[in-house]
Amino acid sequence: MAEKFDAIVVGAGPAGNAAAYTLAKAGLNVLQLERGETPGTKNVQGAILYADALERIIPDFREDAPLERHIIEQRMWVLDDKSFIGSNYRSDEFNSEKPNRYTILRAPFDKWFSSKVKEAGGLVICETTVTELLRDESGKVIGVRTDREGGDIYANVVILADGVNSLLATRAGFHDEIAPKNVALAVKEIHFLPQEVVESRFNVKGDEGVVIEIFGSVTHGMVGTAFLYTNRESITLGIGCMVSDFKKAGIAPYTLLEELKAHPAIAPLIEGGEMKEYAAHLIPEGGYKAIPQMYGDGWMLVGDSAGLVNAAHREGSNLAMTSGRLAAETVIALHNEGMPCTAAHLARYKTAMDESFVMKDLHKYRQLPDTLHNNPQFFSVYPQLLNRAAHTMLTVDGEDKHSKERAIRKSFVQRRSLWGLMGDAFRMWRATR
Amino acid sequence: MIKIEEKLFQNRYKVDEGRPHIQIANPSVCSSTCEVQACTFACPAACYSATETGGVELNTDGCLECGTCRIICSEHHNVDWAYPRGGHGILFKFG
Ligand SMILES: Cc1cc2nc3c(=O)[nH]c(=O)nc-3n(C[C@H](O)[C@H](O)[C@H](O)COP(=O)(O)OP(=O)(O)OC[C@H]3O[C@@H](n4cnc5c(N)ncnc54)[C@H](O)[C@@H]3O)c2cc1C
Ligand code: SF4
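Predicted model only: the values in this text are computed from it and were never measured.

A. The arrangement of the site of ligand 1 in detail. Around ligand 1 sit 39 residues, and of these A:Glu34, A:Ile48, A:Arg106, A:Asp304 and A:Ser317 come closest. Residues near ligand 1 are shared among chains A and B, making this a multi-chain site. Computed on the free molecule, ligand 1 has an accessible area of 1000 Å², of which 97% lies beneath the protein chains in the complex. Residue composition of the shell around ligand 1, grouped by class: 19 nonpolar, 13 polar and seven charged. Three or more residues apiece are contributed to the shell around ligand 1 by two domains, here domain 1 (4-67 + 104-175 + 292-355) and domain 2 (180-284) of chain A.

Have a look at this one:
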């Protein structure tokens, strides 16, 4: 193919779609390649969509994007084997005209986002896997090779939005293979229920929704969390833990999911539902310290392929969209100034990222992955202690409350020692400050 | 025991017959050098199974394309991992 594009975007997830849409809208000649049958057929998420990141790209997305429910209530549950202790935050303020968070299903959502790229004038080709990056003698990336016949295509810049398993970036030597301690494996199922049942079970109406973030004994002490999200007529339920922990623990991921489904706190919420899909996906959770070089001569990394996930707040797609947009804006500026996409010029992308919430947030939590990795008690001992404490205080059995408090305090000190408790509090504070 | 097949049965696939996208690079490493064989329990689709002779067998038909097997084999790098040809493999309906 003789044609040369201003930019090639690999991948049609949130990062790739944000980049391709921004480029196409600015009038650049952009080609987007996606290996799925249609955009979204390869993609998995929880999924919460954070409106702000998308709104900066498509301000009126609420008009036709396939959104499930807007979230009015968030629950945080800490599970023990038989019980849970939790907190709720519910607010009618979330019923505003422009809600801030929605649940979505990735397959229809990505398809919709991709249709916007086409409307803006981008060329989107699916069912095409990019197998290699093409480079000139100096090593500058000048295009891609695909698994189609005669599939070499050229461009001024290649934006890799190919997700967590960025084979292209690793093979090109842009970064090392991801380490098992920097990545979580999540498995999830979707259970369909009549809309009225979802609404009565979660005490919502219309398109209001509830999300539950879960941790505790269900991860068998591994660093990880579970989640339950309400969709319009279905419930998404999943659990994820660090790959290094799976290796150590020797537990199958679907065993965790089955145990979660059977937990007395969860089982009634999905009862009667019909399971219609089982999915698995990795999440790059290494945080700030694991972020590779994000640009070079003729190439840029955006979204999960650059490891941009804030595990502490379960944010990823919004970081993906923001990085995709900022990468595109960098390319547009260079294009308009008539400057080539060399590493020196693409460095502007990194500067823009550093000034955005993406790098600031990831920097704030830079110690968290190590802290959690080195202190498994946060996922094993504490959930048990908290649940037992609640049980002790709430059981009325003739014992005075003062003695109960003393017993609870003793149970904490016995399990962690006074220094241990203070150390844990300090470590947690330092890791998130 | 959980029947993983029942879960995978709900999924939509377009299998690329006769062209597995993942391969064990050197089967003798699995049987002689690798003690953990983490792929046999960590793969969410149970594509890997331990054989009676101490090796590991791979069937990629139910593969969810997550990448875990490649990453978890971090000592031996014995998994030749690629994406299926465009349009093939798992096709998520909901994701
Ligand atoms: C279980 C789970 C729950 C999550 N929950 C949330 C949440 O609630 N909120 C949130 O914001 N984030 C969440 N995340 C994170 C979020 O899903 C990711 O951060 C986000 O999807 C990253 O977008 P991306 O575009 O970088 O990558 P992806 O969405 O992975 O897209 C990559 C695309 O590239 C394509 N591709 C890859 N290689 C090639 C190739 N060689 N050739 C052609 N195409 C290729 C793929 O098919 C895919 O379409 C969750 C993740 C998981 C796994
Ligand atoms: S990619 Fe994931 S689902 Fe496929 S074989 Fe490897 S571990 Fe199993």
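Past the structure itself, the notes keep going.
B. Representation of the UniProt feature "domain: FixC-like C-terminal" (unreviewed entry) in chain A within the structure. Here the UniProt feature "domain: FixC-like C-terminal" (unreviewed entry) sits at residues 368-433 of chain A. Helix and strand shares over residues 368-433 of chain A are 79% and 0% respectively, and the end C-alpha atoms of the span are 10 Å apart.

C. Up close: the pattern of salt bridges. Applying the stated rule across the entire model yields 29 salt bridges over all chains. A:Lys247 is paired through a salt bridge with B:Glu75; the nearest N and O atoms lie 3.3 Å apart. In this pair, A:Lys247 is assigned in helix 6 (residues 243-249) and B:Glu75 in the loop between helix 4 (68-72) and strand 5 (79-81), connecting two distinct chains. Residue B:Glu75 is classed as exposed on the basis of its relative accessible area, which comes to 54%. Counted as one network, the salt bridges with shared partners bring together A:Glu189, A:Glu258, A:Lys261 and B:Lys7.

D. View of the pairing of strand 12 (residues 208-216) of chain A. Residues and elements named next belong to chain A. Counting buried positions along strand 12 gives eight out of nine residues, so the element sits mostly inside the fold. Strand direction decides the pairing type here: strand 4 (residues 69-79) and strand 12, joined by nine bridges, are parallel. Across the sheet, residue His70 finds its bridge partner in strand 12, namely Glu208. Two elements, strand 12 and strand 13 (residues 224-230), share four bridges in a ladder whose sense is antiparallel. Note on strand 13: the bridge partner recorded for Glu213 is Phe227.

E. Highlighting the site of ligand 2. Within the structure, ligand 2 sits among 14 residues, and B:Cys43, B:Cys63, B:Cys66, B:Gly67 and B:Cys69 are positioned closest to it. Partitioned by chemical class, the residues of the shell around ligand 2 number 11 nonpolar, two polar and one charged.

F. Local environment of the interface of chain A and chain B. Listed by partner, the interface residues are 52 residues for chain A and 40 residues for chain B. Interface area for chain A against chain B, summed over the two sides, is near 3800 Å², with a carbon-plus-sulfur share of 57%. Our count for the chain A to chain B interface comes out at seven salt bridges. Linking chain A to chain B there are 30 residue pairs in polar contact (both at pLDDT 80 or more). Among the secondary structure elements, those contributing two or more residues to the side of chain A that touches chain B are helix 3 (106-119), helix 4 (167-171), strand 11 (183-192), helix 6, helix 7 (253-262) and strand 15 (274-284) of chain A. Ranked by residue count, the leading element in the side of chain A that touches chain B is strand 15 of chain A, at eight residues.

G. View of the domain arrangement of chain A. Residue and element names in this part refer to chain A. What the domain assignment lists for chain A is domain 1 (4-67 + 104-175 + 292-355), domain 2 (180-284) and domain 3 (369-432). A straight line from the C-alpha centre of domain 2 to that of domain 3 covers 25 Å. The partner domain 3 presents six residues to the 10 residues of domain 2 that form the contact. Summing the contributions of domain 2 and of domain 3, the shared interface buries around 650 Å²; its carbon and sulfur component is 68%. Among the residues domain 2 hides against domain 3, the three largest losses belong to Lys181, Gly221 and Val223. Together they make up 54% of the total. Inspection of the domain 2/domain 3 interface yields zero residue pairs in polar contact (both at pLDDT 80 or more). Among the residues making up the side of domain 2 that touches domain 3, the classes are represented as three nonpolar, six polar and one charged.

H. Structural detail: the packing of helix 9 (residues 317-337) of chain A against helix 10 (residues 343-355) of chain A. Residues and elements named next belong to chain A. As a packed pair, helix 9 and helix 10 sit with axes 9 Å apart at the nearest point and diverge in direction by 145 degrees. Considering only the axes of helix 9 and helix 10, their crossing is right-handed. Contact residues: Ser323, Leu326, Ala327, Thr330, Ala333, Leu334 and Glu337 in helix 9; His345, Leu346, Arg348, Tyr349, Ala352 and Met353 in helix 10. In terms of residue class, the contact of helix 9 with helix 10 is built from eight nonpolar, three polar and two charged.

Thresholds applied
- Residues numbered from 1 in each chain as written.
- Chains lettered and ligands numbered in written order.
- Predicted model: local features only at pLDDT ≥ 70, side-chain atom pairs only at ≥ 80, totals over all residues.
- Heavy atoms only, no water.
- Near = heavy atom within 4 Å.
- Areas by Shrake-Rupley, 256 points an atom, 1.4 Å probe, with all protein chains shown as cover.
- Nonpolar A, V, L, I, M, F, W, Y, C, P; charged D, E, K, R; others polar.
- Domains from an automatic or database assignment.
- UniProt positions renumbered as here; feature names shortened; annotations may be inferred.
- Helix = DSSP H or I, 4+ residues; strand = E, 2+ residues; numbered from the N terminus.
- Salt bridge = Lys/Arg side-chain N within 4 Å of Asp/Glu carboxyl O.
- Buried < 20%, exposed > 50% of the residue type's maximum accessible area, 1.4 Å probe, protein only.
- Pairing = 2+ DSSP bridges.
- Contact = heavy atoms within 4.5 Å.
- Buried area = accessible area lost by both parts, 1.4 Å probe.
- Polar contact = N/O pair within 3.5 Å; in protein donor to acceptor, adjacent residues only side chain to side chain.
- Axes fitted to C-alpha atoms, helices over the stretch in contact; angles between N-to-C directions.
- Left-handed = near helix turned anticlockwise from the far one by under 90°.

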